[in-house]
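# Observations on the three-dimensional arrangement
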Amino acid sequence: MNILRLNIFIFLIVSHLSGNTLTVDDAVVQFLNYNYDLQIAKQEIDKSKADLITAKQRPNPTLSVSYDYLDVKHHFNDVSSATPAFLTVHLDHPIELGNKHNNRIEAAKQGINYTYDMFEETKREALFTLIQAYYQVQADQADLNDSVSDMQDYKKLLIIAKAKFDHGFLSQIDLEKLQLQALDYENAVNSYKAAFLSDKEVLAFLLSMDAKELKVSSIELENHFDKSIEELIQFAQAHRADCIAADQNIKYLKANVSLEKSNGIPDVTVGVEVENYAPSYSNPLVGISASIPLPVYDRNEGAIEKAKVTELQAHTAKIKIYDQASSEIRQAFTQYQSQETIYTAMEKGLQTAKILKEKQEKIFALKAISILDLLDAQKSYREYELNKIKALINLHISLANLKLYSGLSLINSKGN
């Protein structure tokens, strides 16, 4: 890799990190407000509100007009009382019985509430994807920064190696081994650069942002999370979106049962009719009518029974969702505790590897040392460096997952 290009790239990375950065809280707010899929999902609430508009409507009256027994030879000219013609105007108005109107409105309102709760659940589920994408960019950024720093440190070591070679303290073969190893450092920088830019595009799309404007904050160690499993399960059953939606679904389906029972009660149709006879069409006859279907055969029993069974299914689904929430919290809690242990071990291992690496480099600078021992120490340090970043990222992700499974907010997460 050209040294000038490398230095320019390092400068750009440093400049990138020095600007305004996007914290995980900022990313959550941006995601919830501007993500394309969430904007589409939110419009389902507006669609459900249209059902309430429909529910509030009354059945339309029916106007009928007829002109019967026309004597076509007179071309609509009724010239005598013997002309077999009369004009009829009939108006029918349905009247709903069984409290259908109010039950229909109540079912629509409960449906809106259920749609809103399901949208909240959609947001909770989508946040899992955001968390993975955000912390992956942070991991790439940390890996890239460390790889650049390691490469710069290694260049200093090569300068020492070249001086030792020039004074006869290092063989040609050992110098070439060290110079060859420099390619690994350059390849690591290129690899992490590509991963960083690629994963940043993924995150930018989720946030509906331009990737060029996206800057994430540096990763830091989270405070210890000290809530118990029992507290988290209790909180989740009261606040987690799918648990709330399960309760609301039961209310919605109960309203549907009441509506179907109302639909089993027939409606009355009241009519008014006016008849005028040829030729004068004076002294019209006025009459009223009423009709009601007799519920002899069809009393909507099938729809009522179906609605009742659907409500029973909702009760079973609620139990399942509550149990699933409890299981997910237990799993997430175990993962979080495990990641804490792993991170602590990686942090201690990195410190030990760093001490060994620095000791080997000092020995190399002062006197002869096995090149393989030096390279092994540096390799061990780099591996622990990567593993520590991975462990820290996994710790962040496991904590965020635990909060999402528990129904906790990710915003201002340090206070949770």
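Residues numbered from 1 in each chain as written. Predicted model: local features only at pLDDT ≥ 70, side-chain atom pairs only at ≥ 80, totals over all residues. Heavy atoms only, no water.

### Some thoughts on the overall build of the protein
Of the regular secondary structure elements, the protein holds nine helices and four strands. The burial tally for the protein puts 40% of its 416 residues in the buried class. When the accessible area of the protein is evaluated, it comes to approximately 23900 Å², of which 55% is carbon and sulfur surface. (Helix = DSSP H or I, 4+ residues; strand = E, 2+ residues; numbered from the N terminus. Buried < 20%, exposed > 50% of the residue type's maximum accessible area, 1.4 Å probe, protein only. Areas by Shrake-Rupley, 256 points an atom, 1.4 Å probe, with all protein chains shown as cover.)

### A word on the sheet that holds strand S2 (residues 86–95)
Pairing is antiparallel across the open sheet formed by four strands, whose spatial order is S1-S2-S3-S4. Each end of this open sheet is capped by a strand with a single partner; those strands are strand S1 (62–68) and strand S4 (285–291). When the angles between neighbouring strand axes are averaged without regard to direction, this sheet yields 15 degrees. The pairing of S2 with strand S3 (residues 268–277) spans 10 bridges and is antiparallel. Along S3, the bridge assignment pairs Phe 86 with Tyr 277. (Pairing = 2+ DSSP bridges. Axes fitted to C-alpha atoms, helices over the stretch in contact; angles between N-to-C directions.)

### Overview of helix H6 (residues 229–239)
Along H6, the residues that are buried comprise Leu 232, Ile 233 and Ala 236. Angular distribution of buried residues about the axis of H6 spans 100 degrees; they occupy a single face of the element. With respect to the buried face of H6, the exposed residues turned more than 90 degrees away are Glu 230 and Gln 234. (Arc of directions from axis to C-beta.)

### Thoughts on the packing of aromatic side chains
Counting across every chain of the model gives six aromatic pairs. Judged by centre distance (5.9 Å) and plane angle (50 degrees), the ring pair of Tyr 36 and Phe 205 falls under tilted. In this pair, Tyr 36 is assigned in helix H3 (residues 36–56) and Phe 205 in helix H5 (residues 172–206), connecting sequence segments 169 residues apart. Here Tyr 36 falls in the partly exposed class, since its relative accessible area comes to 45%. For Phe 205, a relative accessible area of 55% gives the class exposed. Consider the rings of Tyr 134 and Tyr 135, whose centres lie 5.5 Å apart with planes at 80 degrees: the pair is edge-to-face. The exposure class assigned to Tyr 135 is buried, which follows from its relative accessible area of 4%. (Phe/Tyr/Trp six-rings, centres within 6.5 Å; stacked < 30°, edge-to-face > 60°.)

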